[in-house]
Amino acid sequence: MSDPGRFSDSFRHDARAILRFAGPLAVNNLVLAGMMLTNTVMAGRLGPEPLAGVAVGGSYYQMFWLFGLGILMSISPLVAHAYGGGRDSEVGRRFRQGLWLSQMLAVPLVSGLLCVVPVLGWFGTDPRAIPHAAGYVYAMCFGMPAMLAFLAHRYTSEGIGWTRPVMYTALIGLSVNLAGNLLLTRGSFGIPSLGATGCGIATALAYWSMLVTMHLYQRRHAIYARFALFERFEHPDPASLREILALGLPIAGSVVSEGGLFAVAALLMSTLGTEIVAAHQIAINYGAAMFMIPLSLHSATTIHVAHQAGRGDMAAARLAGWAGIAMCGMIMAVSSLVILGARHGIAEAYTSDPGVQGLAAGLLLFVAIFQIPDGLQVGSAGALRGFKDANVPMALNFAAYWLIGFPLAWWFGIHLRVGPAGIWAGLIAGLFACALLLLWRYQRISRRALAIQSSST
């Protein structure tokens, strides 16, 4: 950084702004992780095979969901730039076009999800887990259109810096998911246990409840009135859709590169037996829960950086990005220490199976190792998106995860038969590479933006 003194002076201001945006988002993200935690715990109480089915089915679903999430994530920086520049009508237009795009995306994504059985069979997944995984995925298909529409609502609200309703809707979704799991997964009030399928139905219903809640909130709250979100019906506009896709596709590429690597790692694990899959699911589920906090800081960093950039203050935007990156790294350092000290207790909270507990406690050591690089890479990604920089980060993500992480995971875990530890070693290598590359990119792109502004004034 060229001006460490100013960074030190501005860090407290930027940290307060980022935390103000991130607080409700952290609740939202932790609640979404809580849904998966609920599904995992409920399935785990039914035995290793339903738990393996939720793990494998969830990983398969995640690859498609992440693609839609990444594309719609572009709404947040686009809206934030418009809001920072005082262009209120553009905010409404971005929302309406994003809503159209969300439902256009639902068609191919659901179609891909329906192919779960042949894909898992081709991949070599343990046949005992496939029926449970398929039931889970088929049920989740019902929730995909609602979740995508919710994301269009959510990222519009995030873009204007109003993140509180995202928290409210998530809490309602968690309540619906928990009640649905108690009724459908375990079986209550005369309803038979539906196993992994019940987990999927409960989560799909939660997604619909979140969409309805968010939609009604945005229709009625005065803060949205100036943007006229629902003032008129608007047909899909190819030019506007292309603008969203121009930023959204590379963001989706970055998100899928990382999420896809972890999903494929779960599929690699699925070839090693149901106990290993169950242990991996515990480790990755807990790691994902901890990741929700820096992920909220990532989104808040994008908003804060984009607001500063939209106002034309590139120096402030650059320093805001560095503040967000530092905060993500510090949070994950604390998370790593917690995992190291409590990994056996964490494993016991998920399952009563002694074999799965031992395997999971061992894999949680690897989760502890990758916490800090994971925090640095997600913070860097959020700062870069605030500058609307997505194409090069997508290439860097792909290189780190698929040219380094995946080959090493396959080589050590499958080819050399090291097993789960080898697969996790590959994941960690990919995360370290990604963190270093994105930090380098942010240093470069933020310095360039500052130089361009300086030369024009």
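Given the structure is predicted, the values throughout are model-derived calculations rather than measurements.

Caption draft 1: Examining empty space enclosed by the protein more closely. Applying the stated criterion across every chain, the model contains three cavities of 30 Å³ or more. The computed volume of the largest cavity comes to approximately 1100 Å³. Together, 48 residues line the largest cavity, and Q62, W65, L66, A288 and M292 are the ones closest to its centre. When residues of the lining of the largest cavity are assigned to their parent elements, the largest contribution, 12 residues, is made by helix α11 (residues 274-310). Within the lining of the largest cavity, the residues separate by chemical class into 28 nonpolar, 16 polar and four charged. Lining the second largest cavity are P250, I251, S254, A381, L384, R385, D389, A390, P393, N397 and L438. Breaking the lining of the second largest cavity down by element, the ones donating at least two residues are α10 (238-269), α13 (354-386) and α14 (391-415). Taken together, the residues of the lining of the second largest cavity sort by class into seven nonpolar, two polar and two charged.

Caption draft 2: View of α13. With 33 residues, α13 should cover 48 Å at 1.5 Å per step; its first-to-last C-alpha distance of 46 Å lies within 8% of that length. When the local axis directions of α13 are compared, the greatest deviation, roughly 40 degrees, occurs at F370, which is followed within four positions by the proline P373. When you tally the buried positions in α13, you get 24 out of 33 residues, the bulk of the element. K388 sits one or two positions beyond α13 and adopts a positive phi of about 60 degrees.

Caption draft 3: Inspection of unusual backbone geometry at higher detail. Of note in this structure, A228 is not a glycine but carries a positive phi near 50 degrees. Even without a glycine there, the phi angle at K388 is positive, about 60 degrees. Relative to the assigned elements, K388 resides in the loop between α13 and α14. Under the relative-accessibility criterion, K388 is labelled partly exposed at 39%.

Caption draft 4: Representation of the side chain of H81 within the structure. Inspection of the secondary structure assignment puts H81 in helix α3 (residues 75-84). With a relative accessible area of 11%, H81 lands in the buried category. Setting aside its immediate chain neighbours within four residues, H81 contacts R87, A306, A309, G310, G386 and K388.

Caption draft 5: Quick look at the nonpolar core. Counting residues in each nonpolar core, the largest one holds 127 residues, and the members touching the most others are M144, L151 and W424. Within the second largest apolar cluster, 16 residues are counted, among which are A33, M292, I303 and M327.

Caption draft 6: Highlighting the pattern of salt bridges. One pass over the full model with this rule turns up nine salt bridges. A salt bridge links E90 to R94; the nearest nitrogen and oxygen atoms lie 3.1 Å apart. One end of the pair, E90, and the other, R94, are both in helix α4 (residues 88-113), four residues apart, so they sit about a helical turn from each other. Both residues of the pair, E90 and R94, belong to the buried class. A salt bridge links R93 to E243, with the nearest nitrogen and oxygen atoms 3.9 Å apart. Of this pair, R93 sits in helix α4 while E243 sits in helix α10; the two residues are 150 residues apart in sequence, bridging distant segments of the chain. Classification of E243 by relative accessible area gives partly exposed; the value is 35%. Each member of the salt-bridge network shares a partner with another, and the members are R87, E90, R93, R94 and E243.

Caption draft 7: A look at a nonpolar patch on the surface. Nonpolar side chains collect at one region of the surface, where W410, W411, F412, L416 and V418 lie side by side and expose about 460 Å² of accessible area between them. Turning to its location among the elements, L416 is positioned in the loop between α14 and α15 (420-456). We classify L416 as partly exposed; its relative accessible area is 43%.

Criteria and thresholds
- Residues numbered from 1 in each chain as written.
- Predicted model: local features only at pLDDT ≥ 70, side-chain atom pairs only at ≥ 80, totals over all residues.
- Heavy atoms only, no water.
- 1 Å grid on protein atoms, 1.4 Å probe; cavity = no way out; pocket = protein on both sides within 12 Å on 5 of 7 lines; lining within 4 Å.
- Points joined across faces, edges and corners; volume = space filled by probe spheres on them.
- Helix = DSSP H or I, 4+ residues; strand = E, 2+ residues; numbered from the N terminus.
- Nonpolar A, V, L, I, M, F, W, Y, C, P; charged D, E, K, R; others polar.
- Expected span 1.5 Å × (residues − 1).
- Bend = angle between axes of the 7 residues up to and from the residue.
- Buried < 20%, exposed > 50% of the residue type's maximum accessible area, 1.4 Å probe, protein only.
- Contact = heavy atoms within 4.5 Å.
- Core = buried A, V, L, I, M, F, W, Y, C linked by side-chain atoms within 4.5 Å.
- Salt bridge = Lys/Arg side-chain N within 4 Å of Asp/Glu carboxyl O.
- Patch = residues over 30% accessible without salt bridge, like charges linked within 9 Å, V, L, I, M, F, W, Y side chains within 5 Å.
- Areas by Shrake-Rupley, 256 points an atom, 1.4 Å probe, with all protein chains shown as cover.

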